[in-house]
Amino acid sequence: MTGEIRKGMKENMEGTTKATSKVRIMDYTDDFYETVASTGRKLVLYGMGAMAEYVYPHLTDVAYVCDRRGDRRAEFHGVPVITPGELERLEDKLIILVSVKKLEHRAQIKALLSSMDIDAMVFEFCHNKSFPTFQMQERAVCKEKDIKKVHIVCYPSGWILEKFAKKLQEELGKKGIQADIGSSVDMMADINHHMAYYTCEILSECNDTVMITHVDSVNKLNLVKHLLKRAKMGICMSRDTMNQLTAQGVPREKLCYINPAQDGVIKPRKYVLGLTYHFHDDNRKRSTAILDICDKISPDFFEFKIMGDGWEKLVESMREKGFTVTYYPEFDYDVYVKLMPTLDYYLYWGFDEGSMGYLDALAAGVGTIVTPQGYHLDTRCGLTYPCRTIPDFIETLLQLEAQKRKITDAVADWTWENYAQKHIEVWKYILGRDDVFGNKHKYEDGIFSVMCIDS
């Protein structure tokens, strides 16, 4: 509280000859403009800072501007400026509009005015329906350190939403949070999380959050708007849905998104690399280079199919390195015809005119990673990846590996564990916790989509 306001309050509170205060603090629903028009009272604008500058053009017939710094300035837009102490010298009935931004300062000013011997109706610019100003949300501080109980509202369906509920329950349990599933709210739970917005009706506030997806009709949109009047947060499955709902009038501060999870049990289909020729001791086809290649690429992304005799020792070494190798030591034409279309790429790094398997690979529509020599060069667009040296082959295969790894990495951290953790962070925010932003820049959904940073 400023010294001048505190001093003024003390002087007025200590005065024994003052008449009973006739100051009335008006409510949010009391219409300022209607009161000014109907009472004929003189209008006093309290404050001459930035907010007063903003509101002044919307007022007419301002009689005085009151400010604790009034003794330093004679006029405000041509209106006489007075100090708070000078209000009591006015004999008129007043309407005072407090145009000060900070809540605590407004409280001090109202307390001072209430202590004065004036006949005044006091309005707040920041708290009156006549002035639709932005209001900062007050958030209660959470007294409990951790969330203890979460109730997941989900009707048995045997399908995807029930799976979401069970996975969320499982992961919350791993984090020491009691979580159960039921078809109605639990009034004793810290959080009630509804898995399906279109089957729930929120009758009372129980720190509810609602999963939102598939809003594909006007009725569903209106239902979402209705539910979020009481629910604390609508949790979309995607940024796109969150943005669409915001554009259609759903309050942005009531929306966030958490991407769904995948089970992490499906592994990528490996590239199948084929070699269909005999092993030669004279190294004419540089067959032993296969081990140099296997040292550089990952068995998680490649497997081999080999047909031809003499590869036994190399195949054993490849398997020891972790690669799956399907090996046919004898040439079988019928098997060969069926094998060739199952390849992703045919490999050949020899320089001896060419490989007949290369032609069959093209006939099967299979990609080729082969040397640009001999009749290989006479096929039109037949060389998918021409390579001359073993480092060339390694580099090409690493590029293919990187392409697939980029795809799998896109959802590598979309796990049920992270899905649950992101919900916990949003729930802690709802309960008033502020220490939930520790993972900043690690992901964009969850708590960070609560922050209104566009997308």
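Everything discussed here concerns the structure shown above.
This structure is a prediction, so every number in the text was calculated from the model and none was measured. (Residues numbered from 1 in each chain as written. Predicted model: local features only at pLDDT ≥ 70, side-chain atom pairs only at ≥ 80, totals over all residues. Heavy atoms only, no water.)

Draft legend 1. Region of the structure containing the pairing of strand S2 (residues 42-46). Of all five residues in S2, four are buried, a share of seventy percent or more. Sheet analysis places S2 next to strand S6 (residues 94-98), joined by five bridges and oriented parallel. What sits directly across from valine 44, in S6, is isoleucine 96. Handedness of the β-α-β unit built from S2, helix H3 (residues 50-55) and strand S3 (residues 62-66) comes out right-handed. (Buried < 20%, exposed > 50% of the residue type's maximum accessible area, 1.4 Å probe, protein only. Helix = DSSP H or I, 4+ residues; strand = E, 2+ residues; numbered from the N terminus. Pairing = 2+ DSSP bridges. Right-handed = clockwise from strand over helix to strand, strands pointing away.)

Draft legend 2. View of helix H9 (residues 312-320). Along H9, the residues that are buried comprise Leu314, Val315 and Met318. Along the axis of H9, the buried positions cluster into a sector of 100°, meaning they face one direction only. Seen from the open side of H9, the exposed residues pointing more than 90 degrees away from its buried face are Lys313 and Glu320. Its buried side turned inward, H9 meets helix H8 (289-294), strand S15 (302-307) and strand S16 (325-328). Glycine 322 lies just past H9 and shows a positive phi near 100°. (Arc of directions from axis to C-beta. Contact = heavy atoms within 4.5 Å.)

Draft legend 3. Broad picture of the packing of aromatic side chains. One pass over the structure, following the stated rule, counts 20 aromatic pairs. Relative to phenylalanine 302, the ring of tyrosine 271 has its centre 5.3 Å away and its plane inclined at 25°; by these criteria the two rings are stacked. Highlighted residues: tyrosine 271 in strand S14 (residues 271-276) and phenylalanine 302 in strand S15, separated in sequence by 31 residues. Given the relative accessible area of 9%, tyrosine 271 is considered buried. Residue phenylalanine 302 is classed as buried on the basis of its relative accessible area, which comes to 0%. Ring centres 5.3 Å apart and planes at 85° place the aromatic pair tryptophan 416 and tyrosine 419 in the edge-to-face group. Of the two residues, tryptophan 416 and tyrosine 419 both sit in helix H13 (residues 416-430), three residues apart, roughly one turn of that helix. The same class applies to tryptophan 416 and to tyrosine 419, which are both buried. Here a set of aromatic residues connected by ring pairs shows up, and it is made of Phe32, Tyr33, Tyr54, Phe123, Phe125 and Phe131. (Phe/Tyr/Trp six-rings, centres within 6.5 Å; stacked < 30°, edge-to-face > 60°.)

Draft legend 4. Here's a closer look at helix H4 (residues 103-114). The first and last C-alpha atoms of H4 sit 17 Å apart over twelve residues, in line with the 16 Å expected at 1.5 Å per residue. Burial in H4 covers these residues: Arg106, Gln108, Ile109, Leu112 and Leu113. All buried residues of H4 project into a common sector of 160° when viewed along the axis, lining one side. (Expected span 1.5 Å × (residues − 1).)

Draft legend 5. How the structure looks around unusual backbone geometry. Positioned with a positive phi, histidine 77 is a non-glycine residue whose angle comes to about 55°. Here histidine 77 shows up in the loop between strand S4 (75-76) and strand S5 (79-82). Note on histidine 77: relative accessible area 47%, which makes it partly exposed. A positive phi angle, close to 60°, is found at cysteine 381, a residue other than glycine. Residue placement: cysteine 381 occurs in the loop between strand S18 (367-370) and strand S19 (385-386). According to the relative accessible area criterion, cysteine 381 is exposed, its value standing at 82%.

Draft legend 6. Representation of the pattern of salt bridges in the model. Under the counting rule described, the total for this entry stands at 17 salt bridges. Between lysine 174 and glutamate 171 there is a salt bridge, with the nearest N and O atoms lying 3.2 Å from each other. With a gap of three residues between them, lysine 174 and glutamate 171 both fall in helix H5 (residues 160-174), about one helical turn apart. For lysine 174, a relative accessible area of 58% puts it in the exposed group. Its relative accessible area of 10% is what places glutamate 171 among the buried residues. The salt bridge partner of lysine 422 is aspartate 445, with a shortest N-O separation of 2.9 Å. Residue lysine 422 is found in helix H13, and its partner aspartate 445 is found in the loop between H13 and helix H14 (447-450); the two are separated by 23 residues along the sequence. For the pair formed by lysine 422 and aspartate 445, the shared burial category is buried. Bridged by salt links that share partners, the residues Arg106, Lys110 and Glu124 form one connected network. (Salt bridge = Lys/Arg side-chain N within 4 Å of Asp/Glu carboxyl O.)

Draft legend 7. Up close: a nonpolar patch on the surface. Together, Val185, Met187 and Met188 make up an exposed nonpolar region whose accessible area comes to about 340 Å². Topologically, methionine 187 is positioned in the loop between strand S9 (178-182) and strand S10 (191-194). Among the residues examined, methionine 187 registers a relative accessible area of 54% and is labelled exposed. (Patch = residues over 30% accessible without salt bridge, like charges linked within 9 Å, V, L, I, M, F, W, Y side chains within 5 Å. Areas by Shrake-Rupley, 256 points an atom, 1.4 Å probe, with all protein chains shown as cover.)

Draft legend 8. Summary view of the sheet that holds S9. Reading across the sheet, the six strands line up as S9-S8-S10-S11-S12-S13 and stay open at both edges, with parallel pairing between neighbours. Single-partner strands in this sheet number two, and they are S9 and strand S13 (255-257). For this sheet, the mean inter-axis angle between neighbouring strands, taken without regard to orientation, is 25°. Pairing geometry for strand S12 (residues 233-236) and S13, over three bridges, is parallel. Note on S13: the bridge partner recorded for isoleucine 235 is cysteine 256. Across the sheet, H5 touches strand S8 (149-153), S9, S10 and strand S11 (208-212), and the angle it forms with S9 is around 160°. This element, H13, spans S8, S10, S11, S12 and S13 of the sheet and lies at about 160° to S12. (Axes fitted to C-alpha atoms, helices over the stretch in contact; angles between N-to-C directions.)

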